[in-house]
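What follows is the residue order along each chain.
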Amino acid sequence: MIVMGGIVGSGIFINPYVVALHVHTPFLILGVWILGGILALLGAFIWAELATRMPSAGGQYLYLREAYHPSVAFLYGWVLLLVTQTGGMAAVAITFAKYFREISGSAVGDGAIAATALLGLTAINCFGARAGSNVQSLLMLLKAGAIIAMVVLGLWLGGGKLHPLPLLDRPVSLGLAGAIGAAMIPIAFAYGGWQTSTFVAGEMRDPRRELSRGLIAGVLGVVALYLSVNFVCLRVLGPAGLAATHTPATAVMRAALGSRGAQWIAAGIAISTLGFLSQGILTAPRVYYAMSRDGLFFKSVGHLSPKTGAPVVAIAIEGIAATVIAISGRYEQILNYVVSIDFISFALTAASLFVFRHRELAVAAADHLPPASKDGERSFDSSSFDSSSFDSHSTATYLAPGHPYTTVIFVIACAAIVASTIWSYPSNSAFGFVILLAGIPVYLYWRHKQRAPSEK
């Protein structure tokens, strides 16, 4: 539920029309969504192995720290706090507010509704990971139900017919490749978010087992939901009709049930956005907690509630920051800055698997031990295993299938998305890099502050 909740937001109800603007046949539209799902699954394979190597709070932050340098991990957390997570949550909270007002007829402003939702979920998550995950699971089930209802009603009452031919909308050429590449950008973002589940590894009973399985099962579940939504949109609206509407989910439900259907899907979208916010507040604060524990953030952020074990200060910082951005109305500008930065972190994290595998081989050679077999099996004395001392040299109980080939494909795909984004939006990408580089002096300050007491 946490993996799926981190992926499925409001985008799947809207993004199908963006993809249909670039490619124009059912074969190409469904094909690029399948391609995006494969890319997300490759990423899930990689993160699943990383999670079994370092099953502690912080997830991607830990992988970058252990593979490269604490500064790389800090810059990831810096952008996550200032832009990626908080900006994204603010934008989704405003989306929730708009649909809530449409359903309820409330005259309260978007900012006030968004703030109430964010602060309410923040309070719930301060009661601990169990409380937050229970709410997250409920909301994920509700929004999965809304998507399934849309698909079933659209197929049953929406009418229309899917025409599989022609397969391509233009001859095989660079133009076709460019169109597919452009369509992949919104799809890659729609599938993003599975990596945030690793942030809460430290609060799972058996993260080495549960997280690796959850990542793969969750991504596969989302692929099934996304393909179902696009199939029903194509059948009811057709490729041209899909490209012509900015609200494809509403158009499908209106075709099936009239204005009442449009109201129902608005409720489904509101629930979906609320579920995404719940997942973000549950997972991301664990990164700021890990930064504090490393001495790279305010010490108070590393405080755990004695009753619930939750990093309550980190959770509060996340919720308040997202609320401030939502009320300020600057979330759209902020989101435009981080596209390329986000996928750079994906590429670096995936590449860290090469670093850890190399170190494992080096340690095995030094100790005259055989490296892990392809199925991940290795004999060791379980009675001497101490999870608290688990580090990047630990044996992975799950190994990414097809490595190194699948990992290389994922890294190259991330690099291609970064290049495409910089080419299409150079000014926004440049501002994103400015935000990233601004974190360097902040890191140096915290590192100096960390060393100062020992020097005294």
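Rules and cut-offs
Residues numbered from 1 in each chain as written. Predicted model: local features only at pLDDT ≥ 70, side-chain atom pairs only at ≥ 80, totals over all residues. Heavy atoms only, no water. Helix = DSSP H or I, 4+ residues; strand = E, 2+ residues; numbered from the N terminus. Buried < 20%, exposed > 50% of the residue type's maximum accessible area, 1.4 Å probe, protein only. Contact = heavy atoms within 4.5 Å. Areas by Shrake-Rupley, 256 points an atom, 1.4 Å probe, with all protein chains shown as cover. Core = buried A, V, L, I, M, F, W, Y, C linked by side-chain atoms within 4.5 Å. Axes fitted to C-alpha atoms, helices over the stretch in contact; angles between N-to-C directions. Parallel < 35°, antiparallel > 145°, perpendicular 65-115°, else oblique. Left-handed = near helix turned anticlockwise from the far one by under 90°. Nonpolar A, V, L, I, M, F, W, Y, C, P; charged D, E, K, R; others polar. Patch = residues over 30% accessible without salt bridge, like charges linked within 9 Å, V, L, I, M, F, W, Y side chains within 5 Å. Salt bridge = Lys/Arg side-chain N within 4 Å of Asp/Glu carboxyl O. Lys, Arg positive; Asp, Glu negative; His and termini not counted. Expected span 1.5 Å × (residues − 1). Bend = angle between axes of the 7 residues up to and from the residue.

Caption draft 1: Geometry of the overall build of the chain. The helix and strand inventory of the chain stands at 17 helices and 0 strands. In the chain, which comprises 456 residues, the proportion classed as buried is 52%. Here the contacts in the chain between residues at least 6 apart in sequence split such that 82% fall between residues at least 24 apart. Surface exposure of the chain reaches about 19,600 Å², of which carbon and sulfur atoms provide 67%.

Caption draft 2: Looking closely at unusual backbone geometry. Pro404 follows His403 through a cis peptide bond whose omega is 10 degrees. Within the secondary structure layout, Pro404 lies in the loop between helix 15 (339–366) and helix 16 (405–424).

Caption draft 3: View of the nonpolar core. Grouped together as the largest cluster of nonpolar side chains are 112 residues, with contacts concentrated most on Trp33, Tyr288 and Phe410. Ranked by residue count, the leading element in this core is helix 3 (residues 26–53), at 16 residues. For Tyr288, the contacting residues outside a window of four places in its chain are Gly77, Leu80, Leu81, Gln85, Phe297, Val301, Ala314 and Glu318. Residues Met89, Ala90, Ala93 and Ile281 belong to the second largest nonpolar core, which totals 16 residues.

Caption draft 4: The packing of helix 5 (residues 70–104) against helix 6 (residues 110–125), seen in detail. Axis separation between helix 5 and helix 6 bottoms out at 8 Å; the angle between their running directions is 115 degrees. When the interaxial angle is binned, helix 5 and helix 6 end up roughly perpendicular. Like other packed secondary-structure pairs, helix 5 and helix 6 cross with a definite hand, here right-handed. Together, Met89, Ala93, Ile94, Phe96, Ala97, Lys98, Phe100 and Arg101 of helix 5 and Asp110, Gly111, Ile113, Ala114, Ala117 and Leu118 of helix 6 make up the contact between the two elements. Taken together, the residues that form the contact of helix 5 with helix 6 break down as 10 nonpolar, 1 polar and 3 charged.

Caption draft 5: The arrangement of a nonpolar patch on the surface in detail. Side chains of Phe27, Leu165, Leu167, Leu168 and Val172 sit close together on the surface and give an oily, nonpolar patch of about 510 Å² of accessible area. Among the structural elements, Leu167 can be located in the loop between helix 7 (129–157) and helix 8 (174–191).

Caption draft 6: Highlighting the side chain of Glu318. Relative to the elements of secondary structure, Glu318 occurs in helix 13 (residues 312–328). Of the buried charged residues, Glu318 lacks a salt bridge, with Arg286 as the closest side chain of opposite charge at 9.5 Å. Residues in contact with Glu318, not counting those within four places in the same chain, are Leu81, Gln85, Thr86, Met89, Gly280, Ala284, Pro285 and Tyr288.

Caption draft 7: Here's a closer look at the environment of Leu227. By secondary structure assignment, the location of Leu227 is in helix 9 (residues 207–244). Between the C-alpha atoms of Leu227 and Ile29, which are 198 residues apart in sequence, the distance is 9.8 Å. Every residue in contact with Leu227, bar those within four places of it in the chain, is listed here: Leu30, Trp33 and Ile34.

Caption draft 8: Layout of the pattern of salt bridges. Applying the stated criterion to the full structure yields 5 salt bridges. Here Glu49 and Arg53 are joined by a salt bridge, their closest N and O atoms 2.9 Å apart. Highlighted residues: Glu49 and Arg53, both in helix 3, separated by 4 residues, approximately one helical turn. Per residue, the accessibility class of Glu49 equals that of Arg53, and both read buried. Where Glu66 meets Arg65, a salt bridge forms, and the shortest distance between an N and an O atom there is 2.9 Å.

Caption draft 9: Region of interest: helix 5. Spanning 35 residues, helix 5 covers 48 Å between terminal C-alpha atoms, matching the ideal 51 Å at 1.5 Å per step. Maximal helix bending in helix 5 amounts to about 60 degrees, located at Leu80. Among the 35 residues that make up helix 5, 25 are buried, leaving the element largely enclosed by the rest of the structure. Looking one or two residues beyond helix 5, the residue adopting positive phi is Gly105, at roughly 75 degrees.

Caption draft 10: Region of the structure containing helix 4 (residues 60–67). In terms of residue burial, helix 4 counts as a mostly covered element, since 6 of its 8 residues are buried. Along helix 4, the residues classified as buried are Gln60, Tyr61, Leu62, Tyr63, Leu64 and Ala67.

All quantities given are derived from atomic positions and should not be read as evidence of function.
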